[in-house]
Amino acid sequence: MWYRNQGYNFTITSSTAYDQKWVYGRNIFRNIDYLVDTIFANYLSRPGVRQPIFTSYCDGKRVTCSGLSQWGSMYLAEEGYSPIEIIRYYYGNDMYINTAQVISGVPSSWPGYDLGVGSSGEKVRQLQTQLNRIARNYPAIPTVTADGIYGPATANAVRTFQGIFGLPQTGVTDYATWYEVSDIYVGVTRISEPG
């Protein structure tokens, strides 16, 4: 098979540790992929409620339910409602959107701020180490010295990684880039280890 490291813009592994099961003819929508990577750590909550919030979803035309609907939420968005206002419209004013501080299954959580040229510290070293490991499977990504200093070489490696995996090529490690690096790192290390 031919992968990104062979110059093609796709990877097929059929390993759920790395990507979704490959099915011939199935496609992926880049904007949905980006949104999921950007907001996947968000969750809904109510003060004093510890169990998960049941938030059913239906299209609102063919199927109706007592919860969020596709066409209803679209109408509210067109009226200028924000995401939290739409959620509160359906579920009450005591709903909140929270972001998980720690994500299970990734080597290290996002530092809480973008990393770019001039950043330094352990989070930068972790990023550099993970990019270097990913580069073994994707040799288009240049390896860098894992010194904890985010210089032009690290920015270039990040920019190359972003280009390969369909992220905006800024060279800055934002939330979406951090978790994409983590996801790919976990995938390549699991694939290469016997299990």
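The structure under discussion appears in the preceding block.
Bear in mind that the values here come from a model prediction, so they are computed numbers and not experimental data.

What to know about the packing of helix H2 (residues 70-78) against helix H3 (residues 83-91)
Line of reasoning, step 1. Look at H2 against H3: their axes get within 10 Å of each other, and the N-to-C directions meet at 130 degrees. One finds that H2 runs oblique with respect to H3. Considering only the axes of H2 and H3, their crossing is right-handed. The residues of H3 that touch H2, namely those facing Gly72, Ser73, Leu76 and Ala77, are Ile86, Tyr89 and Tyr90.
Line of reasoning, step 2. In the contact of H2 with H3, the residues fall into five nonpolar, two polar and no charged.

Examining the layout of surface pockets
Line of reasoning, step 1. What the second largest pocket holds in volume is close to 240 Å³.
Line of reasoning, step 2. Surrounding the second largest pocket, Ile39, Phe40, Asn42, Tyr43, Leu44, Pro83 and Ile97 form its lining.
Line of reasoning, step 3. If one sorts the elements of the lining of the second largest pocket by residue count, strand S1 (residues 42-45) sits on top with three residues.
Line of reasoning, step 4. By residue class, the composition of the lining of the second largest pocket is six nonpolar, one polar and no charged.

A word on the packing of aromatic side chains
Two measures describe an aromatic ring pair: the distance that separates the ring centres and the angle between the ring planes.
Line of reasoning, step 1. Under the definition given, this model contains six aromatic pairs.
Line of reasoning, step 2. Taking 6.3 Å as the distance between ring centres and 90 degrees as the angle between the ring planes, the aromatic pair formed by Tyr81 and Tyr89 counts as edge-to-face.
Line of reasoning, step 3. The class of Tyr81 is partly exposed, set by a relative accessible area of 35%.
Line of reasoning, step 4. For Tyr89, a relative accessible area of 53% translates into the label exposed.
Line of reasoning, step 5. Centre to centre, the rings of Tyr90 and Tyr91 are 6.5 Å apart; their planes meet at 50 degrees, and the pair counts as tilted.
Line of reasoning, step 6. On the basis of relative accessible area, Tyr90 is assigned to the partly exposed category, the value being 23%.
Line of reasoning, step 7. One aromatic cluster is present, built from ring pairs that chain together Tyr81, Tyr89, Tyr90 and Tyr91.
Line of reasoning, step 8. Sitting over the face of the ring of Tyr96, Arg88 holds its NZ or CZ atom 4.9 Å from the ring centroid.

Quick word on the environment of Asp147
Line of reasoning, step 1. Inspection of the secondary structure assignment puts Asp147 in the loop between helix H4 (122-137) and helix H5 (152-164).
Line of reasoning, step 2. Separated by 19 residues in sequence, Asp147 and Gln128 place their C-alpha atoms 8.0 Å apart.
Line of reasoning, step 3. Here Asp147 is in contact with Arg125 and Gln128, once residues within four sequence places are set aside.

Thoughts on the nonpolar core
Line of reasoning, step 1. Among the nonpolar cores identified, the biggest contains 25 residues, and Leu127, Ile134, Tyr138, Ile141 and Phe161 are the most heavily contacted of them.
Line of reasoning, step 2. Element by element, the count of residues in this core is highest for helix H6 (residues 175-192), at seven residues.
Line of reasoning, step 3. With near-sequence residues (within four places) excluded, Leu127 lies in contact with Leu115, Tyr150, Thr154, Val158, Thr173, Trp178 and Val181.

About the cut-offs
- Residues numbered from 1 in each chain as written.
- Predicted model: local features only at pLDDT ≥ 70, side-chain atom pairs only at ≥ 80, totals over all residues.
- Heavy atoms only, no water.
- Axes fitted to C-alpha atoms, helices over the stretch in contact; angles between N-to-C directions.
- Helix = DSSP H or I, 4+ residues; strand = E, 2+ residues; numbered from the N terminus.
- Parallel < 35°, antiparallel > 145°, perpendicular 65-115°, else oblique.
- Left-handed = near helix turned anticlockwise from the far one by under 90°.
- Contact = heavy atoms within 4.5 Å.
- Nonpolar A, V, L, I, M, F, W, Y, C, P; charged D, E, K, R; others polar.
- 1 Å grid on protein atoms, 1.4 Å probe; cavity = no way out; pocket = protein on both sides within 12 Å on 5 of 7 lines; lining within 4 Å.
- Points joined across faces, edges and corners; volume = space filled by probe spheres on them.
- Phe/Tyr/Trp six-rings, centres within 6.5 Å; stacked < 30°, edge-to-face > 60°.
- Buried < 20%, exposed > 50% of the residue type's maximum accessible area, 1.4 Å probe, protein only.
- Lys NZ or Arg CZ within 6 Å of the ring centre and 35° of its normal.
- Core = buried A, V, L, I, M, F, W, Y, C linked by side-chain atoms within 4.5 Å.

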